[in-house]
Amino acid sequence: QQTEQDILDWIVQQLPAYKVLSVDWFGGEPLLHKDIIQRMSQQLISKCKEFGVIYTGAITTNGVLMNNQKVIDMFKDCQINNVQITFDGGQSAHDAQKFLNNGRGTYLQLLKNATLFCKSNPSLKLRIRVNVSDANYHTIDALLHDLEPLKNNIVIFFRWVYANGASNWTSYSEREKGNNPYRGIYLLQKLALEKGFAVDDQYDKPQLRFSHCEADSQGFYTIDPLGNLYVCVHEYDVKYAVGNVKQGVLEDRLEDYIN
């Protein structure tokens, strides 16, 4: 509760310098704490109105708990208009990676939840992130087939599963990348476009390379559960923090990180 208040206080202090506040809730799994999302969102929305700042909300979730109208209505109440869920390939590949404690895969539940969201929000586009690896690359066509009924209500984007601390630096995407790590993604984008899907293309096509990092964005910060501040979404070791919500941004830490 104290950290929550400290985060709110720090954000409110920044508001006079900005025209827009965009808040993205992500994990672990943010929908495990819907009460926090509701509480903080309502306070931030109120403060933004007070300061004449535009408020936008987003959430990145595994999608499992988007299984009832109450959650969908919460998104509307909290002005969360950008919702992203993740598939790990077709059903066989996805369920081998994403399953509940009882061992049941989550693929069919995600399709059902995605349908509920799309029917409840016909004016919004549900963002579908597809985690791509050597193991699921050739199941993407089956996934697109199953998403066909939602084609007009979703936007798809593809990302390789990259090696990181959580995977003990194991690479799951070597064989299908080929010589250029983004050519394999381009081929999936092409497949989806040919099937009539909208694709979020964040790549520099001539060079086939990823063209954006959040650290390049002025005013972008990630806040961890302890209130530490980061400028990159991939670094959560406290040694990479550029400050915290109690002290604010430490300019020497920010310069060291960027340089």
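Scroll up a little and you will see the structure.
What you see is a predicted model; the values in this text were computed from it and never measured.

**Some points on the overall build of the protein**
Along the backbone of the protein there are 8 helices and 12 strands. When the 259 residues of the protein are sorted by exposure, 42% land in the buried category. Contacts in the protein between residues at least 24 apart in sequence constitute 64% of all its contacts with a sequence separation of at least 6. Roughly 14,500 Å² of accessible area belongs to the protein as shown, and the carbon and sulfur atoms make up 50% of that amount.

**Focus: the packing of helix 3 (residues 69–77) against helix 5 (residues 107–120)**
It is the contact of helix 3 with helix 5, at a shortest axis distance of 10 Å, that shows an interaxial angle of 50°. Put simply, helix 3 runs oblique to helix 5. Judged by the twist between their axes, the crossing of helix 3 over helix 5 is right-handed. Facing helix 3, whose interface residues are Q69, I72, F75 and K76, helix 5 presents L116, F117 and S120.

**Some remarks on the sheet that holds strand 10 (residues 228–230)**
A sheet is described by the order of its strands in space; here 4 strands give the open sequence 9-10-11-12, paired in antiparallel fashion. With partners counted over all chains shown, the strands left at the sheet margins are strand 9 (222–223) and strand 12 (248–249), one partner each. The sheet contact formed by strand 10 and strand 11 (residues 243–244) spans 2 bridges and is antiparallel. By the bridge assignment, N228 is partnered in strand 11 with N244.

Criteria and cut-off values
- Residues numbered from 1 in each chain as written.
- Predicted model: local features only at pLDDT ≥ 70, side-chain atom pairs only at ≥ 80, totals over all residues.
- Heavy atoms only, no water.
- Helix = DSSP H or I, 4+ residues; strand = E, 2+ residues; numbered from the N terminus.
- Buried < 20%, exposed > 50% of the residue type's maximum accessible area, 1.4 Å probe, protein only.
- Contact = heavy atoms within 4.5 Å.
- Areas by Shrake-Rupley, 256 points an atom, 1.4 Å probe, with all protein chains shown as cover.
- Axes fitted to C-alpha atoms, helices over the stretch in contact; angles between N-to-C directions.
- Parallel < 35°, antiparallel > 145°, perpendicular 65-115°, else oblique.
- Left-handed = near helix turned anticlockwise from the far one by under 90°.
- Pairing = 2+ DSSP bridges.

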